Every structure is written in structure tokens, then in C-alpha cells.
Amino acid sequence: MILVGELALWVAFLMAAWSATVSFAGGALRRSDLVASGERGAYATFAFVVLAALGLWTAIFTHDFSLKYVASFTSANLPKPYLLAALWAGQAGSLLFWCLILAGFMAIAVFTNRSANRELMPYVTGTLAATTLFFLATLCLGANPYERLDWIPADGRGMNPQLQNPGMAIHPPNLYLGYVATTVPFAFAIAALITRKLDAGWLAAVRRWSLVSWFFLTIGIVLGMWWAYVELGWGGYWAWDPVENASLLPWLTGTAFLHSIMIQEKRGMLRKWNVTLVVSTFLLSILGTFITRSGIIESVHSFAQSPVGNWFLGFLVLAFAVTAYLVATRLKDMESKAELESMVSREAAFLYNNLVLVGIAFSVLWGTLFPILSEAVRGEKITVGPPFFNTVNIPLGLFLLLLTGVGPLIAWRRASVSNLRRQFTAPVALGLFSGAALFALGMRDFYALVAYTLAGFVVGTILQEFYKGAGARMRLHGENAAIALVRLVGRNRRRYGGYVVHFGIVVIFAAFAGLAFKKEHDVTLRAGEAFEATDPWGHRWRFVSQGVSRYDQLNRQVTAVGLESFRDGKTAGMIKSEKRQHVDTQGNPTFEPSTEVGILESAKQDVYVVLAGVTGEDTAELRVTFNPLVWWVWYGGMIMAVGGLIVMWPQAERRRAQSGYVAVLEPQGELAVAGRGAVPAEVR
Amino acid sequence: MKARTKFLVSGLLILGAAGYLMASSIGQTATYYLTPQELAAKVTADPSFYETGLKVGARVVPGSIVRDPGGKQVSFRVTDGASTYPVVYRGIAPDTFTDGVDVVVEGRLGRDGTFRATTLLAKCASRYENAPEKYRETPGYQQRAAAPAPRGA
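Basis of the calculations
- Residues numbered from 1 in each chain as written.
- Chains lettered and ligands numbered in written order.
- Predicted model: local features only at pLDDT ≥ 70, side-chain atom pairs only at ≥ 80, totals over all residues.
- Helix = DSSP H or I, 4+ residues; strand = E, 2+ residues; numbered from the N terminus.
- Rg over C-alpha atoms; globule rule 2.2 N^0.38 Å.
- Buried ≥ 20, exposed ≤ 12 C-beta atoms within 10 Å, placed from the backbone.
- Contact = placed C-beta atoms within 7 Å.
- pLDDT = per-residue confidence, 0-100.
- Domains from an automatic or database assignment.
- Pairing = 2+ DSSP bridges.
- Axes fitted to C-alpha atoms, helices over the stretch in contact; angles between N-to-C directions.
- Core = buried A, V, L, I, M, F, W, Y, C linked by C-beta atoms within 7 Å.
- Right-handed = clockwise from strand over helix to strand, strands pointing away.
- Left-handed = near helix turned anticlockwise from the far one by under 90°.
- Nonpolar A, V, L, I, M, F, W, Y, C, P; charged D, E, K, R; others polar.
- Parallel < 35°, antiparallel > 145°, perpendicular 65-115°, else oblique.

Time to look at the overall build of chain A. Each helix and strand in chain A was counted, giving 21 helices and 10 strands. For a compact globule of 684 residues, the expected C-alpha radius of gyration is about 26 Å, and chain A comes in at 27 Å, within 12% of that figure. In chain A, buried positions account for 54% of the 684 residues. The long-range fraction of contacts in chain A, counting pairs at least 24 apart against all pairs at least 6 apart in sequence, stands at 73%.

Listed below in C-alpha cells is the structure:
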């Protein structure tokens, strides 16, 4: 099986090369036999990449330590779930995993479009196959996971303990799914540019893929934050590390695209902009991979310096050059079909939304690349830290939050004064009320007050939208409130799913603002000693050390300290923090000791305990942190994911046909609408 | 004024404000990122680099780590082969911090030649490239090494 996998990798390489070549040729020569062959080549590529991945998994599960990859990242005593995750624990394996997802997406995209978008598809298949080819070339020639050692170790080196965490096992796949899914919209953009079919047709085809990418990036980013929070032990979840930033960049441009696409659908505007966003999202996800894998920018997360970085740099430059040329030669085909009519309109709100999202992306990119830029310009490496990102992005982020509340309320084209008054009164009142209430309760942090005022406003907006929508259904169809609400969301998944996402964003912003009230204490506790502190909410806490215990567990030796905690005199639970020394089957220590954070979670705050070290027999050095509202970051992330699912869920075509809706196919409908510049009904 | 022009003007204002924030905060938070050799050259040329906040990227000299038993202070030496500096870091060292890793320390170089770090980032050289080569010399790991590596399984 391992040998099969190794061979399959090379066969996949040839298949991808074939598919890319004949697809482009078939498109240019208008030969349907070549196009069909290219599509079969895409399926075949996928099949062989699957074999290659299965081969590596087999090697990992059978502990074949003759493979360098298996010996480097696993050991015989590694728990089973982590053996599965070992596929993406190292450079070569994670590239193969990336390739597996890419080939899978390619197969799905080719299959679902087998009878649609026929003019575009040869180039879509070709672009996807060429990208896959690049990854396979990197795998075969740059970092081959099937590389063998000239000797066989009795045991592998084991997986890094910080990767032995459920969050880390599922965080990379989500992020990869998100990154890779940007390739499909990119391929459609390239195809549309080549064929000059730059109307709304290609957009309709890529909207769902952009959503898929957005969905997985969102989950991946939030899981990454969660992993950093529970595993790295510095007490936060976002450090503006280059690798974190790299995952945020395509998310920002992708989010911008999901908004601006609506303007093109409804008004035929922003055609150049949308192509640019799709292409940038893809290029940024490749750039992120380049940053992560080349070691060019110092990051705690990055892979060791490796030649793979050069492959990515080359691919990035090539992809950028090709798209820049295509865009530049096709500017005339992308003239706008309508003009912005008023500054007080939904179009304008969306334009600001795009401006801010791209502005944030630019500042993050600038700060991340600053060491490289300064070295190139001044010959000195200069870095910028979290203060830079915070100063720039907190105001921009709050403005974005404001727009989240404004956008849904304001009318398309031109809003009238009565429209504004009718729509804004209740949400603005709720926002001002929440800000004033918090101020009265003693909150004095400026940014936090602004954030909670805006949060109240956006929540008001969302509630009002649901209330009005459901109310209309109740009057029109005589439904009761619950049914009206469910049907409202069901019939307008895109709109109301979007509101759910907005709600998740509000929750996350509210949680971010809570960071302003964090409290940290360094304490030394012997067994039986107690430590008292007041949390940001004014509760009195008491922690009693239960002493230090040492024991063996699974593949590690553990030194643990337990704190019995009391809040306002009542028992609140036991908090345990550990130092873990991982060992291999021979009993030899692997890696440095790792820290296991103890967290007592609640809706108000986390009590976050890190065991820094032990002196003597039973004296523990601890850092105890009160982290307000952290919980809500994870729940906000879940709400966003649920909203994303609602938006992505396929609308049941049959039901719409029965009710006489589906007279015109969707893309053409949007095309026609865009052409007339008319405003279609909100209810689709 | 047309709406388009209005949007462009206001957009430029927003971007200008963001740009101003970026420029001013870079001035405030930008720190030099130097190798020990570059740091040595800087302080020789310009003594004001003593007691100035900066970052140094270098490798920990193996065997130089002295950990405070409480885990809240650690001293070690860093080098890039050309220059070496002693470092004292107060705080909890990250799990990846160990002999021979690449670290980035942020802090100030005192006039006594000791670098006082306020942050310590460790990039474990073996974090992802966890080479099995180390086991060649470890007793008990070579028992199967005599057999030639079979191809396939």
C-alpha cells in the first residue's frame, strides 16, 4: 500500500499535467473531446491523490519508521486520533493533505458543472488542474512525504505535544478547506477573464464556493484562536502573529466579496472590483502558505526554513503576473452597468464595508510584511508589534461594526428620510441605551463603551429585521409566530442566514471588548496556602492550593497542581494545571516539558491558571488570570458557522417550482436584472 | 456633487485616517530586529542603542540555560556565531524554549552588556522538522538499523 501510494503520487502528477494541458487546448481549439478528456483527467488526478494519501496513512498507522515523515512526526505510543492527524502535522504530509482537498474540490467543481457553464469549464478545469499540478510538483520534487531513511529507528520522534490537542487536530483541516476552496472561484475568474464572459454568470457559479471557503476559514480561525488560548498558555487567543494574520487576510477579502457580489447581482456595478477580490483572496491564501512554510518571517508557528518556500514564491509571482495581464487586457469588458445614485443607500453602505474590510486587510498585510519591506528599503529589519495592529484595526473594526447595523436597514439606490426614520429609530435607541446603561454601571473604557453601544445597535437592527419579516408573514399567510419565523428564514436563507452571521460578529466583538478588563496575578503557593483576588465583575475569589502531584499518564509524565476555588465564599470548582513531559516507548523524554493550562469557564469570565514551575516538593509558581467574556468568542464563532450553514444550504428548487417561482434560471435572472439595473424583490 | 465623487472623497478620507494611524503607530511601535552581530556593530557606532527597546533574533547557546526553580526567570546566552550576549528573561518561558533553538527576544541591552528581555519567543528548530537523526546516537534505537530499508510494506 505504501509503495502504491508513492507511485500514485507520480501518476497523479502526470494526470494533472495531462488534464491542465488538454483542458486549455480543448478550450482554445473548441474541441469537446479534449475538454472531456481533461475532465476525466481531473477525476483521475483526484483518485490517485486519494491513493497517495491512503498510502501515507497506512505507513503512519503501521508505524513504518523507515519513512522519514513517519519517524519524524509519530511514535508507536501516539494515541490513535493523532495518528490520523499526523498526516498534516509536518511539512510534506500537510502539503499532501492540501493536495488531497484541492483535487477533491476540483473533482466536485468539474462534476457539478458537467452540464453547466460549458464555455467556462475548460479553463476552470485547466486552472484547477494547473494549481493541483503545482502542489504535486512541490510534493514530488520539493518535499516528498515518501522520502526514506537509510536506517530504521526503533521508534519515531513523536508528535509535538502542543499539536496533541483536539483543537489542533481539527484546526488545520478547516483552515486548509478554507484556503483551498478559494481556488475554485479563482479558477472561474480566470476562465471568465480568458473567455471575456464577465457578466453575472460566473459570479453565480462561484458564490457558493466563496461561501464554502468563508465558512471553513471562519471555523479554522476560531479553532486556531481556541487552540492558542488553551494550549500556548500566554492567556490570550490572538497575538497578531504573522501566521495568524495570514489566515485572516483571505477571510477579510472573502468577506468583502460576499458583500460586493450582491451589488453586482442587483445593480451590475463593481465588476472589476469583484474580479479583483476573488483573485486577491486566492493570492492571499497562497501568500499565507508561503509565509507559513518558507520561514521568511519570524513566527512561532512557522515551519522550519525550507526550499518549499521558493516553490510557493514562484507560483505566487506566476499567478499574480497571469491575472494582472488578464485583468489589464479586459478592463473594457468590465465596465459598470450602473452608477452609484446616492450616498445614503445600501450600495454606499456596502462600498464602505468593502473599503474598510480591504483597508483592514491592507494594514494587516503591511504590518506582517513590514520586516521584509523595511529590510528591502532601508537594509534594516524593523518589526511592528500588536500595538500597531490594535491602533489601526480597533477604529476600523468598530466602523465595520457600525456598518453591520446600517447596511440591512437602508434602502437600495436612494433612501428617503421617512425610510431612515422608520428603520433606524428602534436600533439606535437600543444602542444608546446599552452604552448609557454600561456607563451608569461604571464602565469607563472608551473603546469598550463604543463597542457595546454599536453592539446594541446591530442587535437592534437584526431583531427588527426578524420582527418585521415574521410580522409580514403572519399577516399575509396567517401563520403563527414560530412558523412564520422558520419559514421566513427558510425562504430567504441568504438574507436571514447573513443576519445570523452578523449576530455572531456582534457576540465576538463584545467578547473582544471584554479584553480591556483582563486581570493578571503571579502567585507562589505551597500546599494548603490560599490566594485571594477580586475579578473584573467585583466578585471575591479565593484559591487554595491542593499541593503538587506527580504521576504517569498515557505517553507522558505529569506534574500537576490543583487549586480549589471559591467565588464569594461558595465553591466554584477545582482548577488543575499541569506540566507534561512526553516520553516515547523506550521511556526516554521527547520534547521539552509542555504546559497544560487549567481553565474554569463561565459566561462572565474564564479563570485561567498556568503552572509556571515547581520549587522544592510542593511549592507551585502560578499565574492566575481573569479573562472576561472569552467564552463568547467561541460561541460567536459557532453562531457565525450556523449562519454560514443557513446561507449555504441549498434552496429547495422543487418547492419554488411548485409555487411558480422558478420561471427563469437563477444566473440568467440575475443577469437580466443586472442588465436592466432594476431592483428585484427582496424575497427570492 | 455626484454620489460617486462623494463616495470617493469620503473613502479617501477614511483611508487617509487609517493611513495616518498606520504611519503614526509604526513610528511608536516599530522596533529594530537585529542579529547579535548587528547589535554589536550598532552599539559600537552609536551608544544610544544601549537601553533602547529592540528585538534580537539568535540561537540559544546549548548548555547556557539557567532556569530559576520557580519557572519565572531564566538566563541564557544567545549567539549568531559572530557575537554572543547574555540574556535575562523575567516571565514564563514558552514550552518550545530549549537548548539550541532559535529565539526572538525583545527588550533592552544594558550597559553591562546583559540583554534584559521582556518577551521571549522560541521557534523550535525541531518543532516541525523533528528529525529522527538524533536517535542514531541514542542507545536502544538502532536495533533495527542493521537491516536494509525494505521498499514498500
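What follows deals with the confidence of the model for chain A. Across chain A, the average pLDDT comes to 87, with 93% of residues at 70 or higher. Low pLDDT (under 50) marks residues 654-684 of chain A, which in the prediction has 37 contacts with non-local residues, meaning those over four places away or in another chain.

For the rest of this paragraph, the subject is the environment of Leu318 of chain A. Locating Leu318 of chain A in the fold gives a position in helix α12 (residues 308-329). Sequence-wise, Leu318 of chain A and Glu375 of chain A are 57 residues apart; in three dimensions their C-alpha atoms are separated by 24 Å.

So, about the domain arrangement of chain A. Interfaces are often sized by the accessible area lost when the parts come together. Considered domain by domain, chain A is made up of domain 1 (1-158), domain 2 (389-516 + 633-676) and domain 3 (518-631). Put simply, the middle of domain 1 of chain A and the middle of domain 2 of chain A, counted by C-alpha atoms, are 40 Å apart.

Residue and element names in this part refer to chain B. Of all residues in chain B, 79% have pLDDT values of 70 or greater, and the mean over the chain is 77. Of all helices and strands in chain B, the one with the weakest mean pLDDT is helix α3 (residues 125-128) (42), whereas strand β5 (residues 84-90) scores best (92). Taken as a whole, residues 138-153 scores under 50 in pLDDT and shows 26 contacts with residues more than four places along the chain or in a different chain.

Sheet strands pair via backbone hydrogen bonds, and the direction of the pair is either parallel or antiparallel. Residues and elements named next belong to chain A. Spatially, β2-β10-β9-β8 is the arrangement adopted by the four strands of the open sheet, whose pairing is antiparallel. The sheet is open, and its two borders are formed by β2 (519-526) and β8 (598-600), each paired with just one other strand. Shown here is a sheet whose adjacent strand axes are inclined to one another by a mean of 20 degrees, direction ignored. When strand β9 (residues 605-615) meets strand β10 (residues 619-628), the two strands line up antiparallel, connected through 10 bridges. Bridge pairing in β10 places Val614 opposite Ala620.

By size, the foremost hydrophobic cluster in this structure holds 202 residues, and its most contacted members are Cys99, Met106, Phe188 and Ala510 of chain A. Counting only domains with at least three residues in this core, you end up with domain 1 (1-158) and domain 2 (389-516 + 633-676) of chain A. Discounting residues that sit within four places of it in the chain, Ala510 of chain A has contacts with Ala451, Tyr452, Ala455, Leu629 and Trp632 of chain A. Tyr608 and Val610 of chain A together with Leu34 and Val103 of chain B belong to the second largest nonpolar core, which has 43 residues in total.

Further remarks concern the pairing of strand β1 (residues 31-34) of chain B. Bridge count for strand β1 (residues 381-383) of chain A against β1 of chain B is three bridges, and the pairing is antiparallel. Bridge pairing in β1 of chain B places Thr383 of chain A opposite Thr31 of chain B. Sheet topology note: the β1 of chain B/strand β2 (residues 54-60) of chain B ladder contains three bridges and is parallel. Its bridge partner lying in β2 of chain B, Tyr32 of chain B is registered against Leu54 of chain B. The parallel pair β1 of chain B and β2 of chain B, bridged by helix α2 (residues 36-45) of chain B, forms a crossover whose chirality is right-handed.

Residues and elements named next belong to chain A. Where helix α15 (residues 417-440) meets helix α16 (residues 446-477), the axes come as close as 7 Å, and the angle between the chain directions of the two elements is 145 degrees. Of the two elements, α15 crosses α16, and the hand of that crossing is right-handed. Across the interface between the two elements, Ala426, Pro427, Val428, Leu430, Gly431, Leu432, Phe433, Ser434, Gly435, Leu438 and Phe439 from α15 touch Leu449, Tyr452, Thr453, Leu454, Ala455, Gly456, Phe457, Val459, Gly460, Thr461 and Gln464 from α16. Among the residues making up the contact of α15 with α16, the classes are represented as 14 nonpolar, eight polar and no charged.

Residues and elements named next belong to chain A. The interhelical angle for the contact between helix α8 (residues 183-195) and α12, taken along N-to-C directions, is 40 degrees, at an axis separation of 9 Å. As judged from the angle between their axes, α8 and α12 are oblique. For the pair α8 and α12, the sense of crossing is left-handed. Of α12, the residues touching α8 (which contributes Ile190, Leu193 and Ile194) are Thr323, Leu326 and Val327. Partitioning the contact of α8 with α12 into residue classes produces five nonpolar, one polar and no charged.

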